[in-house]
Every structure is written in C-alpha cells, then in structure tokens.
Amino acid sequence: SFESPSVYDKLRLPEDDALRNSVKITNPLGEDYSVMRTSMLPTLLTFAYENRQYAPSFGLFEIGRVVKGVTAENTCNERRTLGVVLFDKTKSEKELYFKAVEIVRYICDQLRHTAPSFSRITPAHSWQHPKNTSEILIGGEKVGEICTLHPSNLKKIDKAASVVCIEVDMDDFEKHDDMVIVKD
C-alpha cells in the first residue's frame, strides 16, 4: 500500500489531482514508501512501462488495498481494490477496450451473477482518455472505472501499443449480496 509520490509526477498529474491526496507516512523507510497509494493504476502502469519490451501483449493485475482519505475516527479509509492494466502491441485500442469490458462482464457474472453496465464519464484524472473513460455500474451504483490512456501518457509507455486500465472497488462490488444465487 506504500508508494512514492513521484509516481504521480510520472503520470503528469496536476498538483490538485485527487490521486495526490495521499495519506503521508510519519516515519517512512524512504521516499519510495512515503505515502499510502490512492489507486492501484499508477503502480500497474509503471510495471507495464518497465515490462513493455519483454512481450508484445500482456496483462497485469493486483488485488490490494488503497487509501481513500481518513475516516471520522482519524484512521485510514482502506478499500480493497482490483486493478488491471492490459498492454498490447497487436490489438487496436478499441479491441483492447472491448476485451477489458469482456473481463469486467466475466468477473461480474462469476462473482455476482449479474451483468454490469457502463456509462461514459468525464475523466477525473489527466492520464485518462478524454473520451474513452467509463464508470462500471452494478445495480445502478458505481463500483469502478475502465479507461484507455490519454495519448500523451500512452506515448510515454509505448506509442506503438494500446493500454487499457480497470479499477474496481471490491468493497463496493461486494455490497451487492442480493445478486448471489442461493441453493435450496
């Protein structure tokens, strides 16, 4: 759950971006571990960049915790989160985006026995594509986001590749217990 604040600079996030609203560690082991991460995606995008030369196509995922501010009790608001980054030099951005949609539908079908819906939204972060960013909805409630990268960020990773990101708040996803099939 720890990361370096420099990861936000690599994504060219403005100083007032919500992702930079990290909980700072009082006695960090070093600069690389000085804040609690607010999203899985900056770390996964860094790994995609570092591994782009090893394969023409790959996917990365992590299930872990992110911190979304501080609670009323002055403790970290930790959220279980699924982060996915798909990287492909052989598929178009559109093909990869629809593969990501397929992955989200499969997860929802297998874990919640329901179909998600997707609604285009205005990007919350400068690294998200201005047109290809959608929220993932279950029962009309947002549980995550799916997006392609802004062209300026995509160029920094690999201008010949397509990259798609998925982030799902598993705590919000889990709230939909009414959709679980129960056997008699």
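The structure presented is a predicted model; accordingly, all values stated were derived computationally and were not measured. Positions within a chain are numbered from 1, following the residues in the order the chain's sequence is written. Only residues with pLDDT of 70 or above have their local features reported here, since the model is predicted, and side-chain atom pairs are shown and tallied only from 80 upward, although totals for entire chains, interfaces and linings are computed over all residues. Water and hydrogen atoms were dropped before computing side-chain values, which therefore reflect all heavy atoms in the structure.

**Q** Run through helix H3 (residues 93-112), naming residues and quoting values.
**A** With 20 residues, H3 should reach 28 Å at 1.5 Å per residue; the first-to-last C-alpha distance of 28 Å fits that figure. For H3, the elements touching its buried residues are strand S4 (76-88), strand S5 (117-120), strand S6 (128-138), strand S7 (141-149), strand S8 (162-169) and helix H5 (170-174). Helix and strand definitions here come from DSSP, where helices need a minimum of 4 consecutive H or I residues and strands a minimum of 2 consecutive E residues; each element is numbered from the N-terminal end. Residue histidine 113 follows H3 closely and has a positive phi angle near 50 degrees. The span you would expect from a helix comes to 1.5 Å times its residue count less one. The contact criterion used throughout is that any non-hydrogen atoms of two residues lie within 4.5 Å.

**Q** Which residues make up the sheet that holds S5, and what values go with them?
**A** Paired through their backbone hydrogen bonds, the strands of a sheet run either parallel or antiparallel. Here, any two strands with at least 2 DSSP bridges between them count as paired. If you trace the six strands from one edge of the open sheet to the other, you get S3-S4-S8-S7-S6-S5, paired in antiparallel fashion. Two strands bound the open sheet, and with one partner strand each, they are strand S3 (57-70) and S5. Going across the sheet, the axis of each strand differs from the next one's by a mean of 25 degrees, ignoring polarity. One ladder, built from eight bridges, connects S4 with S8; its direction is antiparallel. If you follow glycine 83 over to S8, its bridge partner there is glutamate 167. The angle between two axes is taken between their N-to-C directions and runs from 0 to 180 degrees, where each axis is a line fitted to C-alpha atoms and a helix contributes only its stretch in contact. Along the sheet face, H3 touches S4, S5, S6, S7 and S8 and points at about 25 degrees away from the line of S8. Along the sheet, helix H4 (residues 151-158) makes contact with S4, S6, S7 and S8, crossing S7 at roughly 65 degrees.

**Q** How would you sum up empty space enclosed by the protein? Please name residues and give values.
**A** Put plainly, a pocket is an open set of points on a 1 Å grid over the protein atoms alone with protein on both sides within 12 Å along at least five of seven lines, a cavity is a set where a 1.4 Å probe fits but cannot get out, and a lining residue has an atom within 4 Å of a point. Grid points are joined across faces, edges and corners, and a volume is the space filled by probe spheres set on the points. The full count for this structure, using the stated rule, is one cavity of 30 Å³ or more. Taken as a whole, the largest cavity encloses approximately 40 Å³ of empty space. Forming the walls of the largest cavity are Leu82, Val104, Ile107, Cys108, Ile166, Val168 and Phe173. For the lining of the largest cavity, the leading source of residues is H3, giving three residues. Under the grouping applied here, Gly and all other residues not named as nonpolar or charged are polar, the nonpolar ones being Ala, Val, Leu, Ile, Met, Phe, Trp, Tyr, Cys and Pro and the charged ones Asp, Glu, Lys and Arg. The residue inventory of the lining of the largest cavity, partitioned by class, reads seven nonpolar, no polar and no charged.

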